[in-house]
Amino acid sequence: MYKIDAHTHVGEGAAVWTGQQVVERMDTIGVDKTVIFPFTEGYFNNDLIPQYVEEYPDRLIPFAAVNPWNTHEAADELERCYQKGFKGVKLHPTLCGFRLSDKKLVNPLFEVTEAYKGVVIVHGSADLYNCPLEFDRMARRFPKVPLLMAHCGFFWEWELAIELALENDNLYLETSRVPGMESSKIIEKLGATKVIWGTDGPFCDYEWEFNKIKRYAKCEHDFDLMIGGNIANLLGIQ
Ligand SMILES: [Zn+2]
């Protein structure tokens with residue numbers, strides 16, 4: 001089964017991080033594939049993503065990032081990305097300044113994603129605009145769209161995030177930046193089928209993010225699901 005990092009930034013933004021650098025880092029610990037998308041600070045676009053994927057088509061999985069305040073353009077841009085082979089979209093409600101469940105701004109992005117059978121990953125560290133209840137609303141509104149809560153609602157609301165992920169079949173918790181104790185409880189209470197490994201590259205300690213899943217997985221099978229199996233299923237990767 002593939003080892004797949006579900007959350008890494010590339011391009012130029014808060015850092016400069018190329019597709020080659022992503023792959024070199026993957027090779028240090030034997031990771032097979034990585035979901036890549038742009039940094040979401042300030043102005044950003046998706047232009048470099050296909051270039052990186054072309055260099056490493058078997059290793060890098062293209063996701064877009066859009067700012068829904070570019071109202072009509074955001075949905076059109078996302079649709080263009082899906083037509084080019086992108087597999088999902090990253091949203092950052094805090095940095096871009098929108099409420100995740102804002103119907104006017106965000107529904108069109110989920111509608112396009114549903115049409116192209118994509119996956120949505122959203123910064124989910126329990127800030128005002130992306131607290132777990134915002135995810136709950138979107139998961140119920142779009143039950144066919146797989147929705148990943150990056151950072152599991154840590155710091156304040158990781159326990160609520162577990163409850164809501166248990167209530168919504170399409171809501172998953174992605175573990176980047178979540179410390180050991182909380183990671184162990186999330187894995188224990190939510191179960192391996194709803195937990196997805198990501199590293200928030202290039203920002204986090206890559207090996208530590210990987211090792212914490214290994215440490216808290218109850219068995220090899222659970223580890224395989226969390227470290228790549230679940231996201232592979234959502235993306236239709238065999
Ligand atoms: Zn991130």
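Above this text sits the structure in question.
Everything numeric in this text was worked out from a predicted model, so none of it was measured.

*Asks:* Which residues make up the coordination of the zinc ion, and what values go with them?
*Replies:* Note on metal sites: the ideal angle is 109.5 degrees for four tetrahedral donors, and 90 or 180 degrees for six octahedral donors. The protein atoms donating to the zinc ion are His 7 (NE2), His 9 (NE2) and Asp 200 (OD), with metal-donor distances spanning 2.1 Å. Mapping the donors of the zinc ion onto the primary sequence gives the spacing H-x1-H-x190-D. Of the two residues, His 9 sits in strand S1 (residues 4–12) while Asp 200 sits in the loop between strand S9 (195–196) and helix H9 (206–216), which places them 191 residues apart along the sequence. The residues His 9 and Asp 200 share a single accessibility class, namely buried.

*Asks:* Account for the environment of Tyr 116, naming residues and giving values.
*Replies:* Relative to the assigned elements, Tyr 116 resides in the loop between helix H5 (103–115) and strand S6 (119–123). Accessibility expressed as a relative area gives 32% for Tyr 116, which makes it partly exposed.

*Asks:* Run through H5, naming residues and quoting values.
*Replies:* Taking 1.5 Å per residue as the helical rise, H5 with its 13 residues ought to reach 18 Å, and the 17 Å between its terminal C-alpha atoms agrees with that figure. Every buried residue of H5 is accounted for by Leu 105, Val 106, Asn 107, Leu 109, Phe 110, Val 112 and Thr 113. Contacts from the buried residues of H5 go to helix H3 (71–83), strand S5 (88–91), S6, helix H6 (132–141) and strand S7 (147–150). Just beyond H5, the residue with positive phi is Lys 117, at close to 55°.

*Asks:* With reference to specific residues and values, describe the layout of surface pockets.
*Replies:* For the largest pocket, the calculated volume is near 220 Å³. Together, 13 residues line the largest pocket, and Phe 44, Val 66, Asn 67, Asn 70 and Glu 73 are the ones closest to its centre. Residues belonging to the lining of the largest pocket are distributed by class as follows: 5 nonpolar, 5 polar and 3 charged.

Scoring rules and cut-offs
Residues numbered from 1 in each chain as written. Predicted model: local features only at pLDDT ≥ 70, side-chain atom pairs only at ≥ 80, totals over all residues. Heavy atoms only, no water. Donors = N, O, S within 2.8 Å, 3.2 Å for Na, K, Ca; no water. Helix = DSSP H or I, 4+ residues; strand = E, 2+ residues; numbered from the N terminus. Buried < 20%, exposed > 50% of the residue type's maximum accessible area, 1.4 Å probe, protein only. Expected span 1.5 Å × (residues − 1). Contact = heavy atoms within 4.5 Å. 1 Å grid on protein atoms, 1.4 Å probe; cavity = no way out; pocket = protein on both sides within 12 Å on 5 of 7 lines; lining within 4 Å. Points joined across faces, edges and corners; volume = space filled by probe spheres on them. Nonpolar A, V, L, I, M, F, W, Y, C, P; charged D, E, K, R; others polar.

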